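Single-letter residue listing:
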Amino acid sequence: MPITEVLARNATLYGDEISLVEINPEIKDVKASWKDYELVETNPEKRYRREMTWREFDDKANRFANFLLGRGLGKGQKVGILLMNCLEWLPVYFGILKTGALAVPLNYRYTEDEIQYCLELAECDVLIFGPEFTERIDAIKDKIPKIKIKLFLGVGHPAFAESYYALTACCSSVAPKITINDDDDAAIYFSSGTTGFPKAILHSHRALMFSCEVEKEHHGQTRTDNFLCIPPLYHTGAKMHWFGSFLAGSRAVLLRGVKPEWIIKAVSQERITIVWLLVPWAQDILDAIERGDIKLKDYHLDQWRLMHIGAQPVPPSLVKRWKKMFPKHDYDTNYGLSESIGPGCVHLGIENIHKVGAIGKAGYGWEVKIADEKGNPVRQGEVGELCVQGPGVMKCYYNNPEATDEILKDGWLFTGDMARMDEDGFIYLVDRKKDVIITGGENIYPVQIEDFLRTHDAIKDVAVIGLPDQRLGEIVAAIIELKPGTSLSEADIEKFCGDLPRYKRPRKIIFDNVPRNPTGKIEKPKLREKYCGGSLVEAQIQRD
């Protein structure tokens, strides 16, 4: 069934129960409901806490759907969403889906050019945006003529846009009678764009619903759970992890901020049971506890049952530190990509903590293989490209058949991640195919070196890239970000790396910040551009 029917069911069964809570920790602790915001002319940025029931959630989605339908929008048309995480985000998303139109979430870090590019690529007809993006939209408003309706979600509105609140308040809250089939197009997401302008990923209603089932199967959400959502909702990772709670009809909290004390306070005050973190956030929490900035005895954390991580390789040393600090927590690693409707096509499973370091086995309803360049499975233990197959695979890269053909072959999605499988069937990520360093004819996988360096007590983060070398082709360079208050020299790093095979030891050591995108992935193209200009980047493009 379409995912919109789950929302209608929750509104019927649990109508007066809280579905979503938004917390803005930069504002003083004043509670507010959705109705408080609509009745009082005030900016949501001025509210510490807002909440919404399941019935209000469904009503708001229906009102927005009926507004769009009244403006002539419907099946096959596209609505761009450019909002920070907020209480309105998900009702807007589901309102779009209820019309049969496609939701098109946009990265809030996009520049003006990237916003224009993505709107044009997805062929959007409508754009809804928040006050944070007014200047960017104003700058391109004359360059996006296909966008016939521009909606401003906030107090007041710029002259070139209409008010979301004013227009939807008078619309019917009765569900529109639109027939939606599982195979209908539902949403377009964008790739992270770490190798250039992002590609548009087309998913069906069947894929969205499958993502709900996978997440609930993996993490066993019940009606009593409470999920803390921190990552941006425009990305599949955050939303698809929430989908498990959505299917269970349980509460979720949207936290607008990633400071360690904010996360721990939200877990304590809201009685959170499940938290999905990115590697840097988990590291920051542990560091804050170890420094004494966070004293666990000051918080109510007994109800917290599960911490899981995804979106990037997870250093085993981090999980060991976490389990030492929180020995009663279940832990899970989740692997996925936007092309496979986010997390879950491979996962470790809380029962397999002894295999920390692996990303796990095929997820619920998924098949996996590790293949050579011709798509044939490699022998156990050999490195190949991880491929996945299942109902969550994208339909295509929208308006890009060439790129689609490169990644979709005979029903298999070629992920671009190099991996190996052990004798027990557990999969270990080796590295991104495009990040492999070839030095003197040897393939070197940066993740292995990064994991090793992160075991040093003074190192907060590390990125390993290849730098051009006339004799070897490339040499290994390590960009190292130190923890505050610590110091290391190049000689210290070289001595520490003595346990690595000689050919894997970094030839160049650079102390600098490690840039990551909003989903936690290291932005290696930025580092390559910074430290080797375009020469190696161009060489890698040719090699790929």
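The structure contained in this document is the topic of the report that follows. These numbers come from a predicted model, not from an experiment.

## What about the overall build of the protein chain?
A tally of helices and strands in the protein chain yields 17 helices and 28 strands. The C-alpha radius of gyration computed for the protein chain amounts to 23 Å, which stays within 12% of the reference 24 Å derived for 544 residues, consistent with globular compactness. Put simply, the protein chain has 544 residues, and 58% of those count as buried. For the protein chain, the share of sequence-separated contacts (at least 6 apart) that also reach a separation of at least 24 residues comes to 69%. Charged side chains of the protein chain number 70 positive and 78 negative; the gap between the two group centres comes to 2 Å.

## Observations regarding the packing of helix α8 (residues 205–219) against helix α9 (residues 236–248)
Across the interface, α8 lies against α9 with an axial gap of 7 Å and an inter-helix angle of 80 degrees. As summarised for this structure, α8 and α9 are arranged roughly perpendicular, according to the angle between their axes. Judged by residue contacts, Leu 208, Met 209, Ser 211, Cys 212, Glu 213, Glu 215, Lys 216 and His 219 of α8 engage Met 240, His 241, Phe 243, Gly 244, Phe 246, Leu 247 and Ala 248 from α9. Taken together, the residues that form the contact of α8 with α9 break down as 8 nonpolar, 4 polar and 3 charged.

## Examining the packing of aromatic side chains
Under the criterion given, the structure shown has 22 aromatic pairs. Between Phe 94 and Trp 242 the ring centres are 6.3 Å apart and the planes differ by 80 degrees, which places this aromatic pair in the edge-to-face class. Highlighted residues: Phe 94 in helix α4 (residues 89–99) and Trp 242 in helix α9, separated in sequence by 148 residues. Since its relative accessible area comes to 0%, Phe 94 is described here as buried.

## Brief notes about the nonpolar core
Within soluble globular proteins, side chains that are nonpolar tend to cluster in buried spots. Counting residues in each nonpolar core, the largest one holds 121 residues, and the members touching the most others are Tyr 93, Phe 94, Phe 190, Leu 228, Trp 242, Phe 246 and Leu 277. For Phe 94, the residues in contact, after removing those within four places along its chain, are Ile 3, Thr 4, Leu 7, Phe 57, Ala 61, Trp 242, Phe 243 and Phe 246. Residues Val 346, Leu 386, Leu 413 and Ala 419 belong to the second largest nonpolar core, which totals 20 residues.

## Remarks on the pattern of salt bridges
Enumeration over the complete set of coordinates arrives at 33 salt bridges. Here Asp 287 makes a salt bridge to Arg 321, at a shortest N to O gap of 2.9 Å. Residue Asp 287 is located in helix α11 (residues 279–291), and its partner Arg 321 is located in helix α12 (residues 316–325); the two are separated by 34 residues in the primary sequence. By relative accessible area, which is 7% here, Asp 287 ends up buried. The salt bridge involving Asp 461 is made with Arg 516; its shortest N-O contact spans 2.7 Å. Taken together, the positions of Asp 461 in strand β26 (residues 459–469) and Arg 516 in the loop between β28 (508–511) and α16 (524–532) put the pair 55 residues apart, joining distant regions of the chain. Asp 461 sits in the buried class, given a relative accessible area of 4%. Here Arg 516 falls in the buried class, since its relative accessible area comes to 14%.

## Considering the side chain of His 308
Mapped onto the elements, His 308 comes out in strand β14 (residues 306–310). What makes His 308 buried here is its relative accessible area of 0%. With sequence-adjacent residues up to four places away left out, His 308 is seen in contact with Glu 215, His 219, Phe 227, His 241, Ile 274, Val 275, Trp 276, Leu 277, Tyr 331, Asp 332 and Asn 334.

## Some remarks on the pairing of strand β4 (residues 78–82)
With respect to burial, β4 is a largely interior element, 5 of its 5 residues being buried. Residues of β4 alternate between two faces, with Lys 78, Gly 80 and Leu 82 on one and Val 79 and Ile 81 on the opposite face, all of them buried. When β4 meets strand β5 (residues 102–105), the two strands line up parallel, connected through 4 bridges. Its bridge partner being in β5, Lys 78 is matched across the sheet by Leu 102. At this point the chain moves from β4, through α4, to the parallel β5, and the crossover so formed is right-handed. As paired elements, β4 and strand β6 (residues 126–129) share 4 bridges and run parallel to each other. Of the residues in β6, the one forming a bridge with Leu 82 is Phe 129.

## Re the pairing of strand β11 (residues 226–229)
Burial along β11 is two-sided: the residues Asn 226 and Leu 228 and Phe 227 and Cys 229 are all buried. One ladder, built from 4 bridges, connects β11 with strand β12 (residues 251–255); its direction is parallel. Its bridge partner being in β12, Cys 229 is matched across the sheet by Leu 254. The parallel pair β11 and β12 is bridged by α9, and the resulting crossover is right-handed. For β11 and strand β13 (residues 274–277), the ladder comprises 2 bridges, and the chain directions are parallel. Bridge assignment links Leu 228 to a residue of β13, and that residue is Val 275.

## Brief notes about unusual backbone geometry
A positive phi angle, close to 55 degrees, is found at Arg 271, a residue other than glycine. In this structure, Arg 271 sits in the loop between α10 (260–269) and β13. Although it is not a glycine, Asn 399 adopts a positive phi angle of roughly 60 degrees. For Asn 399, the location among the structural elements is in the loop between β20 (396–397) and α13 (401–407).

Calculation criteria
Residues numbered from 1 in each chain as written. Predicted model: local features only at pLDDT ≥ 70, side-chain atom pairs only at ≥ 80, totals over all residues. Heavy atoms only, no water. Helix = DSSP H or I, 4+ residues; strand = E, 2+ residues; numbered from the N terminus. Rg over C-alpha atoms; globule rule 2.2 N^0.38 Å. Buried < 20%, exposed > 50% of the residue type's maximum accessible area, 1.4 Å probe, protein only. Contact = heavy atoms within 4.5 Å. Lys, Arg positive; Asp, Glu negative; His and termini not counted. Charge placed at Lys NZ, Arg CZ, Asp CG, Glu CD. Axes fitted to C-alpha atoms, helices over the stretch in contact; angles between N-to-C directions. Parallel < 35°, antiparallel > 145°, perpendicular 65-115°, else oblique. Nonpolar A, V, L, I, M, F, W, Y, C, P; charged D, E, K, R; others polar. Phe/Tyr/Trp six-rings, centres within 6.5 Å; stacked < 30°, edge-to-face > 60°. Core = buried A, V, L, I, M, F, W, Y, C linked by side-chain atoms within 4.5 Å. Salt bridge = Lys/Arg side-chain N within 4 Å of Asp/Glu carboxyl O. Pairing = 2+ DSSP bridges. Right-handed = clockwise from strand over helix to strand, strands pointing away.

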